[in-house]
Amino acid sequence: MMYRTVKQKRKGKKCILCLLFIVLLLIVVKVFIGNSGIGGQPASMEHGWNLVLVNPDYSVPRNYKVELTELSNGQSVDSRIYPSLQQMFDDMRAQGVYPTVASGYRTSKKQQSLMNEKINSFISQGYSRSDAATEALKWVSAVGHSEHQTGLAVDINANGVNSTGKQVYDWLADNAWEYGFILRYPEDKTEITHTSYEPWHYRYVGTEAAKVIFEQSICLEEYIEMLN
């Protein structure tokens, strides 16, 4: 019969503790990923390209392709939404409101750059790197989880000369739905969207969906749930 020495027993206990630590670490990482928007599953295209749901839980679909149209200021959007966006901007200007697309389509590299900038900003305020990363996710979507990577979302601001931001945001809040665009992150829906209120961030969903979302004061997640 083989007898284990005290040294072997201690070694065995250490192995068990190491294994438990690894399991605990994996659980923590899984929870963090689930809460932070990193990971998740690819978004479904079952309701059409205009209703693809990209958020902390759903990433841009695999092999997602987008044909871009470049705007006069160098920003780009999905070519399919360009006519509606242009018409909306033309009508805004005709009414004395002058908007500009501050941000349209983004590559993964650009999205990561924005995330790094936000993390460093919080670090400079005294946050630890892990806390800074957590805070940054409240303001910047993780790579693969940003609507800007679909080309269907635009950040719309005032041109800085003829209009104020409030004038642009107020006009969009009242009228954007008629052109197929919705306020993607309403102030009263942050618990559902997991994204802070952004009065400048508009997402194209098509006129039919936009009308329902506007009239019922719901967000895209709630609208998709109605369709399922």
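Keep in mind that what you see is a predicted model, and the values were worked out from it rather than measured.

J.: Let's hear about the pattern of salt bridges: which residues, and what values?
T.: Tallied over the entire structure, the rule returns 10 salt bridges. The partner of Asp90 in a salt bridge is Arg93, with the nearest N and O atoms 3.9 Å apart. Placement of both Asp90 and Arg93 in helix H2 (residues 82-94) is noted, with a separation of 3 residues, approximately one turn of the helix. In this structure Asp90 comes out as partly exposed when scored by relative accessible area, which is 35%. A salt bridge links Arg203 to Glu147, with the nearest nitrogen and oxygen atoms 2.8 Å apart. Placement of the pair is Arg203 in strand S8 (residues 201-204) and Glu147 in the loop between helix H4 (129-136) and strand S6 (153-158), with a sequence separation of 56 residues. The two residues Arg203 and Glu147 agree in class, both being buried. Here the salt bridges share partners, and the residues they tie into one network are Glu147, Arg184, Arg203 and Glu221.

J.: Can you break down the packing of aromatic side chains residue by residue, with the values?
T.: The final tally for this structure, using the stated rule, is 5 aromatic pairs. Seen from their ring centres, Phe122 and Tyr127 are 5.2 Å apart, and the 75° between their planes marks the pair as edge-to-face. For Phe122, a relative accessible area of 9% gives the class buried. Given the relative accessible area of 32%, Tyr127 is considered partly exposed. With a centroid separation of 5.2 Å and 75° between ring planes, the pair formed by Phe181 and Tyr204 is classed as edge-to-face. With Phe181 in strand S7 (residues 181-183) and Tyr204 in strand S8, this pair connects stretches of sequence that are 23 residues apart. A relative accessible area of 1% places Phe181 in the buried class. Exposure remark for Tyr204: the relative accessible area of 11% places this residue in the buried category. Ring pairing ties together the aromatic residues Trp49, Phe181 and Tyr204, which thus form one cluster. Cation over ring: Arg80 sits above Trp49, and NZ or CZ is 4.1 Å from the ring centre.

J.: I'd like a rundown of the pairing of S8, residues and numbers included.
T.: The alternating pattern of S8 places His201 and Arg203 and Tyr202 and Tyr204 on opposite faces, both of which are buried. Direction of pairing for S7 relative to S8: antiparallel, over a ladder of 3 bridges. Residue pairing in the sheet places Phe181 in a bridge with Tyr204 of S8.

J.: Could you give me a rundown of the sheet that holds S7, with the residues and numbers involved?
T.: Read across the open sheet, the 4 strands follow the order S5-S6-S8-S7; overall the sheet is antiparallel. The open sheet is flanked by strand S5 (99-103) and S7, the only strands paired with a single partner. When the angles between neighbouring strand axes are averaged without regard to direction, this sheet yields 45°. In this sheet, S8 lies alongside S6 in antiparallel orientation, the contact comprising 3 bridges. By the bridge assignment, Val154 is partnered in S8 with Tyr202. The sheet contacts of helix H5 (residues 165-175) involve S5, S6 and S8, and relative to S6 the element is tilted by about 135°.

J.: Talk me through the pairing of S6; I want residue IDs and the actual numbers.
T.: Counting buried positions along S6 gives 5 out of 6 residues, so the element sits mostly inside the fold. As paired elements, S5 and S6 share 4 bridges and run antiparallel to each other. Its bridge partner being in S6, Thr100 is matched across the sheet by Asn157.

J.: Summarise H2; cite the residues concerned and give the values.
T.: For H2, with 13 residues, the first-to-last C-alpha span of 18 Å sits near the 18 Å given by 1.5 Å per residue. Of the residues making up H2, those classed as buried are Leu85, Met88, Phe89 and Met92. Viewed end-on, H2 has its buried residues packed into an arc of 95°, placing them on one side of the element. Along H2, exposed side chains directed more than 90 degrees from the buried face belong to Pro83 and Ala94. Contacts made by the buried residues of H2 are with strand S4 (76-78), S5, S6, H5 and S7. The first or second residue beyond H2 is Gly96, which carries a positive phi of 85°.

Reading the values: the criteria
Residues numbered from 1 in each chain as written. Predicted model: local features only at pLDDT ≥ 70, side-chain atom pairs only at ≥ 80, totals over all residues. Heavy atoms only, no water. Salt bridge = Lys/Arg side-chain N within 4 Å of Asp/Glu carboxyl O. Helix = DSSP H or I, 4+ residues; strand = E, 2+ residues; numbered from the N terminus. Buried < 20%, exposed > 50% of the residue type's maximum accessible area, 1.4 Å probe, protein only. Phe/Tyr/Trp six-rings, centres within 6.5 Å; stacked < 30°, edge-to-face > 60°. Lys NZ or Arg CZ within 6 Å of the ring centre and 35° of its normal. Pairing = 2+ DSSP bridges. Axes fitted to C-alpha atoms, helices over the stretch in contact; angles between N-to-C directions. Contact = heavy atoms within 4.5 Å. Expected span 1.5 Å × (residues − 1). Arc of directions from axis to C-beta.

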